[in-house]
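Structure assessment
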Amino acid sequence: FEYLSLTQMDSKLVVVALGGNAINQANEQGTWEEQYNNVDVTAEQLIKINQKGHKLVVTHGNGPQAGKLLIQQEEGKKQVPPQPLHCVGSMTQGQIGYMFQNALQNQFVKAKKDVPISTILTQVVVSPDDPDFQNPSKPVGPFYTPEEGQRLKEEKGYIVKEVKPGVEKSWRRVVPSPEPLQILEKPSILAQLNAGVIPICCGGGGIPVSKTKEGTYVGCDSVIDKDKCANILAQSVGADTLLILTDVENAIVNWKKENEYKLHKVTLEEAKKLSAEGHFLAGSMGPKMVACMRFVEATGKTAIITSLSKAIDALEGKTGTIITKQTQVSQNSLDQ
C-alpha cells in the first residue's frame, strides 16, 4: 500500500465533529448493523476529505448511545451493578471509536492507502460548580412523543425537554452538560498527529472529570456537548477549520416562518447577532453555532456547519453555514 505521509499532504488541518444522531438516526432502532452502516457511509466521506489533501482529527457525539446504555444500566441493575454516567461515556467512546477506526481502516484499504488510525480515550476537565448541573440541557437517548416523555418523567423521574419541534418524536431525556475546560490527553493527540496518525478523540465531548484539591481527577456524572468540546479540541491542535457535520446543509434563520432562509456565509459579528435573537435552538443548532463562534473568535480561522454529504462542497466554500471573522459579502439564500 502507498503510505500517505503528512509531508505529502497539504498542511490544512480539519477537526471534523460528527453527531451521535448520524450514527444512530432517530428513525432507527440502533442495532449494531444500523450503526455500523451509518459509520461506514461517514468514513467514506472522511476519506474523500483526506484525499483532497486535508489532515483530519475526528470527534463524535454519543447522545443516542449513552442514553440507551443508561437504559441498559437501569434495566439490568437487578442482576449487575449499574455504572455511573461518566463511565457510560467512556464505554461509548470505546464503542463508537472502534466503529470509526475499523470503518476508516477498511475504507483506506479500498483506496489502497496505508494511513494509521487510532482511538484515544479522552478525559475533559469540567467544573463541579457548573450551572448545568442544576439545569440539565444535554439530550441523550431515544426521541419520544410528548406523551412518552411525560410518562417517563412521572415513572422514572427523567428530566425531559423538547429538542426538535415540528416532528412527532421531539422530546428527549436531558442530563447535565458542563462546559469543557481542558483536554487532558492533548499531548497524546498532538503526538499522534505529528506521527501521521488520524486520531479519533474527545468522543461524546470527552469523559467528564473534575480536579480535586490534591490535583487528581475524578469522574463527573454528566455528558459534555461534543460541539463545544470540538471547539476546545480544534484550538488545542491548531486546526485551520472546525467542520461540524449534522443532518442539515445549513443553519436556518426564521425557521418555519414565511421569511426563513439558509445561512451561508456570515461574519462572526452577524452570527452573534442572530444567535442573540434566538434563531438557534438550545438542544440542536444552538451549541453548534456557539462552538463555531468561539473557535472563530479565538483563532480568526473558519468554522463550518453542514451535512455529511456536502462536507467537501462546504470546505470549498460552495455551501454550508460558513463563519469567518472578517467581513465578507453576504450570500444567504431564500431557498427552502
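Here, every reference points to the structure presented above.
Report on the accompanying structure. (Residues numbered from 1 in each chain as written. Predicted model: local features only at pLDDT ≥ 70, side-chain atom pairs only at ≥ 80, totals over all residues. Heavy atoms only, no water.)

Structural notes on the overall build of the chain
- Check the secondary structure of the chain and you find 10 helices and 19 strands.
- Its C-alpha atoms give the chain a radius of gyration of 19 Å, within 12% of the compact-globule value 20 Å for 336 residues.
- When its C-alpha atoms are laid out on the principal axes, the chain stretches across 55 × 50 × 45 Å.
- Looking at the chain as a whole, 51% of its 336 residues are labelled buried.
- Restricting the contact set of the chain to residue pairs at least 6 apart, pairs at least 24 apart contribute 76%.
- In the structure as shown, the chain presents an accessible area of about 15,600 Å², 49% of it carried by carbon and sulfur atoms.
- For the chain, the distance from the average site of its 36 positive side-chain charges to the average site of its 37 negative ones is 2 Å. (Helix = DSSP H or I, 4+ residues; strand = E, 2+ residues; numbered from the N terminus. Rg over C-alpha atoms; globule rule 2.2 N^0.38 Å. Buried < 20%, exposed > 50% of the residue type's maximum accessible area, 1.4 Å probe, protein only. Contact = heavy atoms within 4.5 Å. Areas by Shrake-Rupley, 256 points an atom, 1.4 Å probe, with all protein chains shown as cover. Lys, Arg positive; Asp, Glu negative; His and termini not counted. Charge placed at Lys NZ, Arg CZ, Asp CG, Glu CD.)

Considering the side chain of Gln65
- Residue placement: Gln65 occurs in helix 3 (residues 63-75).
- Taking relative accessible area as the criterion, Gln65 reaches 5% and is therefore assigned buried.

Brief notes about the sheet that holds strand 7 (residues 138-144)
- Within the open sheet, the 3 strands sit side by side as 7-9-8. Their pairing is antiparallel. The open sheet has two edge strands with one neighbour each: strand 7 and strand 8 (160-162). Averaged over all neighbouring strand pairs, the angle between strand axes comes to 40°, with direction disregarded.
- The sheet contact formed by strand 7 and strand 9 (residues 171-175) spans 4 bridges and is antiparallel. Note on strand 9: the bridge partner recorded for Pro139 is Val174.
- Of the strands in this sheet, strand 7 and strand 9 touch helix 3, which is tilted by about 75° from strand 7. (Pairing = 2+ DSSP bridges. Axes fitted to C-alpha atoms, helices over the stretch in contact; angles between N-to-C directions.)

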